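# A structural walkthrough
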Amino acid sequence: MNEQSFEDAVCRICEKSADYDAEAFYFLREGIDRAVRKASAGNPERRHVSGRELCEALRDYALAEFGPLALLVLTQWGVYETADFGRMVYALIAEGVFGKNPEDRQSDFDGVYDFEETFARPYDPPAATA
């Protein structure tokens, strides 16, 4: 897929619904690319990734890219839980940007991890000791 068609699809999705900032879709696409590269390492064929694998790759990417600001950035984009990643992926599937396997379900993205636990707790200051 070329860059222009991805941009067009994101524009159409964002025009229909203001749930997610366009930047969230570009973050998602980069996360998908990273997940596929990791899953396909050592294999000349690109491998399909599951919803869980994608969520884990997006977690790692967010932490590497934004560190302690990851939760703030994601929530400013309208992304509050892993199910939001699923809704975004399926919006792009509906636009014909991505494909899916017959066994894939949007619910595969539900509850993969807790955003607060994943993105905020590691950066909480240590409790004071008396």
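Note that the structure is predicted; figures quoted are calculated from it, not measured.

Within the chain, the regular secondary structure consists of six helices and zero strands. Ordered by position from N to C terminus, the α and β elements of the chain give α-α-α-α-α-α. Along the longest, intermediate and shortest principal axes, the C-alpha atoms of the chain span 60 × 40 × 25 Å. Relative to its 130 residues, the chain shows a buried fraction of 38%. Total accessible area on the chain stands at roughly 7,700 Å², and carbon and sulfur atoms take up 49% of it. Of the charged side chains in the chain, 14 are positive and 25 negative; the average position of the first set lies 5 Å away from that of the second.

Before going further, it helps to examine the confidence of the model for the chain. Within the chain, residue pLDDT values average 91, and 95% of them lie at 70 or more. Mean pLDDT values over the elements of the chain span from 89, in helix α1 (residues 3–16), up to 97, in helix α4 (residues 70–76).

One finds Leu 54, Val 79 and Phe 85 to be the most contacted residues of the largest nonpolar core, which totals 38 residues. Elements with a contribution of two residues or more to this core: α1, α2 (22–39), α3 (51–66), α4, α5 (82–94) and α6 (115–120). If one sorts the elements of this core by residue count, α2 sits on top with seven residues. Apart from residues lying up to four places away in sequence, Val 79 is in contact with Tyr 20, Ala 24, Leu 74, Asp 84, Phe 85, Met 88 and Phe 115.

Empty space within the largest pocket amounts to approximately 380 Å³. For the largest pocket, the lining is made up of 20 residues, of which Ile 32, His 48, Val 49, Phe 98 and Gly 99 are closest to its centre. For the lining of the largest pocket, the elements supplying multiple residues, two or more each, are α2, α3 and α5. Tallied by class, residues from the lining of the largest pocket come to nine nonpolar, four polar and seven charged.

Rules used in this analysis
Residues numbered from 1 in each chain as written. Predicted model: local features only at pLDDT ≥ 70, side-chain atom pairs only at ≥ 80, totals over all residues. Heavy atoms only, no water. Helix = DSSP H or I, 4+ residues; strand = E, 2+ residues; numbered from the N terminus. Buried < 20%, exposed > 50% of the residue type's maximum accessible area, 1.4 Å probe, protein only. Areas by Shrake-Rupley, 256 points an atom, 1.4 Å probe, with all protein chains shown as cover. Lys, Arg positive; Asp, Glu negative; His and termini not counted. Charge placed at Lys NZ, Arg CZ, Asp CG, Glu CD. pLDDT = per-residue confidence, 0-100. Core = buried A, V, L, I, M, F, W, Y, C linked by side-chain atoms within 4.5 Å. Contact = heavy atoms within 4.5 Å. 1 Å grid on protein atoms, 1.4 Å probe; cavity = no way out; pocket = protein on both sides within 12 Å on 5 of 7 lines; lining within 4 Å. Points joined across faces, edges and corners; volume = space filled by probe spheres on them. Nonpolar A, V, L, I, M, F, W, Y, C, P; charged D, E, K, R; others polar.

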